[in-house]
Structure formats: structure tokens, C-alpha cells
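Each chain, letter by letter, is given below.
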Amino acid sequence: MKVHFIGIGGIGLSALARFLNFDGHEVSGSDMKSSPITRALEEEGIKVFCPQDATNIKDDVDLVIYSAAVTDENPELIEARLKQIRTLSRKEALPIILGDKKNYCVAGAHGKSTTTAMLASILNSTALIGAISKDFGSNFRYVNDLVAFEADESDASFLLSSPYCAIVTNAEPEHMEYYHYDYDKFYESYEKFLSLAKKRVVNGEDKDVQKLKIEDATYLYPSKDIKNLCYTLKDNQPCTKFYLKDLGTFEVWGFGFHMATNASLAILAALNELDVETIRKNLLNYKGIKKRFDIVQSNEKFVVIDDYAHHPTEIEATMKSIELYDNLTNLNKRIVLWQPHKYSRTSDNLEGFKKCFRRCDELVILPLWTIPGEKKIDIDFEKEFASYNPIFADKIIATNGKIELIKDEKIIKSYDEGIFLGVGAGDITYQLRYK
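Predicted model, so just to flag it, every value in this text is computed and none were measured.

### Remarks on the overall build of the protein
Part 1 of the argument: Secondary structure summary: the protein contains 14 helices and 24 strands in total.
Part 2 of the argument: Against the globule reference of 22 Å for 435 residues, the protein gives a C-alpha radius of gyration of 22 Å, in line with a compact fold.
Part 3 of the argument: Once the C-alpha set of the protein is aligned to its principal axes, its extents read approximately 60 × 60 × 40 Å.
Part 4 of the argument: Scored against the burial criterion, the 435 residues of the protein give a buried share of 57%.
Part 5 of the argument: Averaging the locations of the 55 positively and 65 negatively charged side chains of the protein gives two centres separated by 2 Å.

### Quick word on the packing of helix 1 (residues 11-22) against helix 2 (residues 36-43)
Axes are the key here: two packed helices are described by the angle between their axes and the distance separating the axes.
Part 1 of the argument: Where helix 1 meets helix 2, the closest approach of the two axes is 11 Å, and the angle between their N-to-C directions is 5°. Here helix 1 is positioned roughly parallel relative to helix 2, judged by the angle of their axes. When helix 1 is examined against helix 2, the residues Ile11, Ser14 and Arg18 are found in contact with a partner set consisting of Ile37, Ala40 and Leu41.
Part 2 of the argument: For the contact of helix 1 with helix 2, the per-class residue count stands at four nonpolar, one polar and one charged.

### Details of the packing of aromatic side chains
Part 1 of the argument: This model, assessed by the stated rule, comprises 26 aromatic pairs.
Part 2 of the argument: Judged by centre distance (5.3 Å) and plane angle (85°), the rings of Tyr179 and Phe186 are edge-to-face.
Part 3 of the argument: By relative accessible area, which is 1% here, Tyr179 ends up buried.
Part 4 of the argument: Its relative accessible area of 0% is what places Phe186 among the buried residues.
Part 5 of the argument: Between Phe293 and Tyr325 the ring centres are 6.0 Å apart and the planes differ by 65°, which places this aromatic pair in the edge-to-face class.

### Some remarks on unusual backbone geometry
Part 1 of the argument: Residue Pro51 follows Cys50 across a cis peptide bond; omega there is 0°.
Part 2 of the argument: Secondary-structure assignment places Pro51 in the loop between strand 3 (47-49) and strand 4 (63-66).
Part 3 of the argument: In this structure, Ala156 takes a positive phi of about 65° despite not being glycine.
Part 4 of the argument: Locating Ala156 in the fold gives a position in the loop between strand 9 (146-150) and strand 10 (163-168).

### Focus on the sheet that holds strand 14 (residues 237-244)
Part 1 of the argument: On the basis of which strands lie adjacent, the open sheet formed by three strands has the order 13-14-15 and antiparallel pairing. Each edge of the open sheet is held by one strand with a lone partner, namely strand 13 (226-234) and strand 15 (248-253). Strand-to-strand, the axes of this sheet are offset by a mean angle of 20°, without reference to chain direction.

### Considering the sheet that holds strand 20 (residues 391-392)
Part 1 of the argument: If you trace the six strands from one edge of the open sheet to the other, you get 16-17-24-18-19-20, paired in mixed fashion. The open sheet is flanked by strand 16 (294-298) and strand 20, the only strands paired with a single partner.
Part 2 of the argument: For strand 18 (residues 334-338) and strand 19 (residues 362-365), the ladder comprises four bridges, and the chain directions are parallel. Across the sheet, Trp338 pairs through a bridge with Ile365, a residue of strand 19.
Part 3 of the argument: Its contacts with the sheet put helix 10 (residues 312-329) on strand 16, strand 17 (302-307), strand 18 and strand 24 (418-423), and the angle it makes with strand 24 is roughly 165°.

### Let's talk about the pattern of salt bridges
Part 1 of the argument: Counted according to the given criterion, the structure contains 28 salt bridges.
Part 2 of the argument: Linking Lys234 and Glu251 is a salt bridge whose minimum nitrogen-to-oxygen distance equals 2.4 Å. Placement of Lys234 in strand 13 and of Glu251 in strand 15 is noted, with a sequence separation of 17 residues between them.
Part 3 of the argument: According to the relative accessible area criterion, Lys234 is partly exposed, its value standing at 41%.
Part 4 of the argument: One salt bridge connects Glu316 with Arg358, and the closest N-O pair in it is separated by 3.2 Å. Placement of Glu316 in helix 10 and of Arg358 in the loop between helix 12 (350-356) and strand 19 is noted, with a sequence separation of 42 residues between them.
Part 5 of the argument: Beyond isolated ion pairs, a larger network of salt bridges with shared partners links Lys134, Asp294, Asp306 and Arg433.

Procedures and definitions
Residues numbered from 1 in each chain as written. Predicted model: local features only at pLDDT ≥ 70, side-chain atom pairs only at ≥ 80, totals over all residues. Heavy atoms only, no water. Helix = DSSP H or I, 4+ residues; strand = E, 2+ residues; numbered from the N terminus. Rg over C-alpha atoms; globule rule 2.2 N^0.38 Å. Buried < 20%, exposed > 50% of the residue type's maximum accessible area, 1.4 Å probe, protein only. Lys, Arg positive; Asp, Glu negative; His and termini not counted. Charge placed at Lys NZ, Arg CZ, Asp CG, Glu CD. Axes fitted to C-alpha atoms, helices over the stretch in contact; angles between N-to-C directions. Parallel < 35°, antiparallel > 145°, perpendicular 65-115°, else oblique. Contact = heavy atoms within 4.5 Å. Nonpolar A, V, L, I, M, F, W, Y, C, P; charged D, E, K, R; others polar. Phe/Tyr/Trp six-rings, centres within 6.5 Å; stacked < 30°, edge-to-face > 60°. Pairing = 2+ DSSP bridges. Salt bridge = Lys/Arg side-chain N within 4 Å of Asp/Glu carboxyl O.

Encoded structure:
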């Protein structure tokens, strides 16, 4: 089958393209511009067109799959429909791609990429993740028909992921614009997702999970089940050790109680496939994921960390990890660079954002990163975040051992000491990395 992906450079769609390419299909795709992901796809033998154009839709294409960001005005989508080629959104395509596999599907507002990557490392399975696992250097790996899959609740596509085992890290309301701010509809989607699976593993202490009607699940109660936490540095990399239930001690890359919780959910799910000693050994293969507490440069006095956190709950967890890291390194200064992501998310969670940076010494705020077509909402960042006395910059320039803040094309401040953390889901990840 010849399959063309519109928006193939996205982290989720690129994983599906890789999966079908490895499965023997002839895959092509397009995106608005070239990126590290599209270049990697081309190296793997997938033809990628940049930019998007109607001529990229050939007559012999059997199926077109498009990302959620693609609108009805997209020239390739229009051309595919004119040629009466079957077109499916990413979520509509999931049953075709995952329908006959044994899928371990991880859902939740926070921690699902990390938990999925941990599970893939433990199971040594096929993986489709919305992030790059450092274990195998990609968002995709093909091993067999056992699949660790990051299931997305943002558009209810997790209901089409054909779960054998459903894992829910938490069920905090997010992406409520999709659910028309109907909380009953939101929670019902989680209940249906769990009901589709033969096996269920959930965080029983999450206040939103507690609102769900769930039958016959394995529950993790972190405050009771996780004990003897110990945080250490190994080759300047964060490590958490913990004791889980009656299963003994485990060690996982990363810092924080939330990392132990994510790992514990992955461990409990993996017990459906493997013995505990194999799980304990395989968990050591997990080396973190790109853009999650991602140490992009470090020396004895300066560390730069990139983190995808773009919700107050996620930022709060990352800030706790920064505090732990600081206590072990004695760098003694915490600078946070925040790139707000989407008007709707920032407005809906404004009070949470105003509180989540309280562990930092300095807060730098970049311009809000929006998406095409999003309605603008006026947010007075200077007033709302006045308690932090924030610095406002247009962008940053990263060099080896230094970060420079740029405002009106001028350097307004430089950093070469302390812990410099960047949080956000926009292009901040590229700004933090020097070439």
C-alpha cells in the first residue's frame, strides 16, 4: 500500500509513518518546512516533500493520513479528495495501524511520554512515542507485535488505539476546548478507554482517576506503595532508587517522586509479560527522553536543561527535580526560561502558572508560542507575573557555557553560572541547543 502523510514532521505522525514504512508499505509525506525529523525520515528511505503542494499527491497513492493541525484548506488534502483517494485523520488511521497488535497504551495529562518510553525499555518492544527515547534514539522502534503506545486524550484518539493493557498516569482535565468544556464527556472518555482493555493499570491516588468508574484494575497508591526513595547522580545524570510494594528495589533515570510513580506504573503493567527480575534489569536501559529534564550542556558551574513541561502541574514537578539536582550539585542559582504555549492553555491555567515557578531565583519570559488559527487572548504577563520581577526577552542564543538573552536584537543579559532551565512546547527546545 502507498501511504502519504500530510504533516509528517510532527512527533506523533512521524512515528506512524515509520511504523508503516517498517511494515513494508511505500511511505511518503510532506510538511511546511524541513526539520530534523523530516531529514531523519529521508535518511530512513521515506520521500518527504517541503513545502506542501497539490502536486505531491500522486495518482497511485492508496491512502492519505493527515495530522490534526491540517485544515480543509490544505492543498494536498484538497487534491487527495478531488482524486477520490481515501483520506483519514491521524486518529482515524490508528485502528488500521494498531488493530492487530498487542498494545500497551499509556494515557494521561502528564507523564505519558515518559511512562511509555520506560515501558518500551522494560518490554524491549515496538514503541510509538510522542517524544524521542534516548534508549533507542527515536520516537519509534520496531521489534515485534508487542507495542508500547503513547495514547492521546487531547482529541479522544486514545479510544481508537485498540488497547490490550490501558495505563492511566492521571486524568487531570486538559485540552478542554476539544471536549467543549464538558467535564462529564471528558471523564467518560477515560472510562471508555479503560473499558476497551483486557488489563488496566491506574494511579489510584490521582484525584481525577478517583472520579472514574473502573472495573478490575491494578491500582498503584504511590504514597503507600513507593518507599525508600534515594536520589543520586551517576556521571552527572539524575537517578532515582525506590522500593515498590513487595517487589524490591528499582532504579530509574531521572529525579523525583513523579519519576518513581511513572516507573511503577510501567513496572506493574509489564508484570503481565515479564518476571520481576527481568523488569528490574530492563528498566536500567531507560536513559530518559529528549526534552524531558534533558541536560543539553553542563560543566562544573553551569548546567542547561530543556524540559517540554507546558502545564503548571508539569512545571511544578520539574521544579522539584531542579531543587533535587541543585541540592546534589550546589550550583545554588535557578534560572527559568518560560515560553508560554497557546493562548487557551495559558489563559485556562493562568493561576497555576503564577504559582509553579516559586522555586526559581529568576524568571525569564519569552513571547507566547501559538498555533495557526488560534484565537488571540490578551494576557498581561508583566502584571500577572509581577511578583517574580521577570525579565522579558525576544529569544535566546546558546553557546558553549553561556546563554544570552536577546531583546530588540540586543544582548540584555548573559548567564554562565547556575542551573538554567527552559520549559515550553514551542521552539524553545531549538533555542536552548547550541551548534
